[in-house]
Amino acid sequence: QVHLVESGGGLVQPGGSLRLSCAVSGTIFSFNALGWYRQAPGKQRELVAAISGDGSTNYADSVKGRFTIARDNAKNTVNLQMRSLEPENTAIYYCNAAGAVIAWYPENDYWGQGNQVTVAS
């Protein structure tokens, strides 16, 4: 069974930085997109950043210039570096693999369990 396991969340002061990591249990042979979503209390889940299969990246307007998504092929992880964090960034962050062929499993969409990020002084 494929698992996406997030780590790196926690409490940080406004203006601080955090790095989220998503470890994928199995070789990723192909995918449509690897990304990070977030869901704040009372709000819908939204895309934060994603990497497409061709290597292009996409960011929510609110995080452009502050967040960076990157894939580490050697470690089989997808990481989200977050800088200049704001209280509005407080949410549960989810890792996603869309249209992914991982290990010997057929193409599917996968989600991590979620990781809390809290930005507060």
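Residues numbered from 1 in each chain as written. Predicted model: local features only at pLDDT ≥ 70, side-chain atom pairs only at ≥ 80, totals over all residues. Heavy atoms only, no water.

**Q** Mind laying out the sheet that holds strand β3 (residues 18–24), listing which residues take part and the relevant values?
**A** One open sheet holds the four strands; their spatial order is β1-β3-β9-β8, and the pairing between them is antiparallel. Across the chains shown, the open sheet's two edge strands, defined by having one partner strand only, are β1 (4–7) and β8 (67–72). Ignoring which end each strand starts from, the neighbouring axes of this sheet average 15° apart. Taken together, the four bridges between β1 and β3 define a ladder with antiparallel strand orientation. Looking at the pairing, E6 lines up with C22 of β3. (Pairing = 2+ DSSP bridges. Helix = DSSP H or I, 4+ residues; strand = E, 2+ residues; numbered from the N terminus. Axes fitted to C-alpha atoms, helices over the stretch in contact; angles between N-to-C directions.)

**Q** Lay out the packing of aromatic side chains in plain terms, naming residues and giving numbers.
**A** Remark: the centre distance and the inter-plane angle together describe each pair of aromatic rings, the angle taken between the planes. One pass over the full model with this rule turns up three aromatic pairs. Residues Y94 and W111 carry aromatic rings whose centres are separated by 6.5 Å and whose planes lie at 85° to one another, so their mutual orientation is edge-to-face. Linking Y94 in strand β10 (residues 91–102) with W111 in strand β11 (residues 108–111), this pair joins segments that are 17 residues apart in sequence. Feature note: the residues Y37, Y94 and W111 constitute an aromatic cluster, connected by ring pairs. One cation-aromatic arrangement involves R45 over W111; the distance from NZ or CZ to the ring centre is 4.7 Å. (Phe/Tyr/Trp six-rings, centres within 6.5 Å; stacked < 30°, edge-to-face > 60°. Lys NZ or Arg CZ within 6 Å of the ring centre and 35° of its normal.)

**Q** Break down the pattern of salt bridges for me, citing the residues and quoting the values.
**A** Two side chains bearing opposite charge may form a pair once their charged atoms approach each other closely. Scanning the entire structure with this criterion turns up three salt bridges. Across the salt bridge formed by D61 and K64, the nearest N and O atoms sit 3.1 Å from each other. D61 sits in the exposed class, given a relative accessible area of 65%. Across the pair E86 and R66 runs a salt bridge whose closest N-O atoms are separated by 3.8 Å. Within this pair, whereas E86 is found in the loop between β9 (77–82) and β10, its partner R66 is found in the loop between β7 (57–59) and β8, the two being separated by 20 residues in sequence. Assessed through its relative accessible area of 33%, E86 is described here as partly exposed. For R66, a relative accessible area of 11% corresponds to the buried category. (Salt bridge = Lys/Arg side-chain N within 4 Å of Asp/Glu carboxyl O. Buried < 20%, exposed > 50% of the residue type's maximum accessible area, 1.4 Å probe, protein only.)

**Q** Help me get a handle on the nonpolar core, residues and values and all.
**A** Counting 34 residues, the largest nonpolar core has W36, L80, M82, Y93 and I102 as the members making the most contacts within it. Where this core is concerned, the elements lending two or more residues are β3, β5 (33–39), β6 (46–52), β8, β9, β10 and β12 (115–119). If you tally residues by element for this core, the top one is β10, at six residues. (Core = buried A, V, L, I, M, F, W, Y, C linked by side-chain atoms within 4.5 Å.)

**Q** Would you mind going over the state of the cysteines in detail, with residue names and values included?
**A** For the structure on display, the rule yields one disulfide. Between the sulfur atoms of C22 and its disulfide mate C95 the distance is 2.1 Å. With the S-S bond torsion at -85°, the cross-link from C22 to C95 turns out left-handed. One end of the pair, C22, is in strand β3; the other, C95, is in strand β10, and 73 residues separate them in sequence. The exposure class of C95 is buried, given its relative accessible area of 2%. (Disulfide = S-S within 2.5 Å.)

What is shown is where atoms sit, not what they do.
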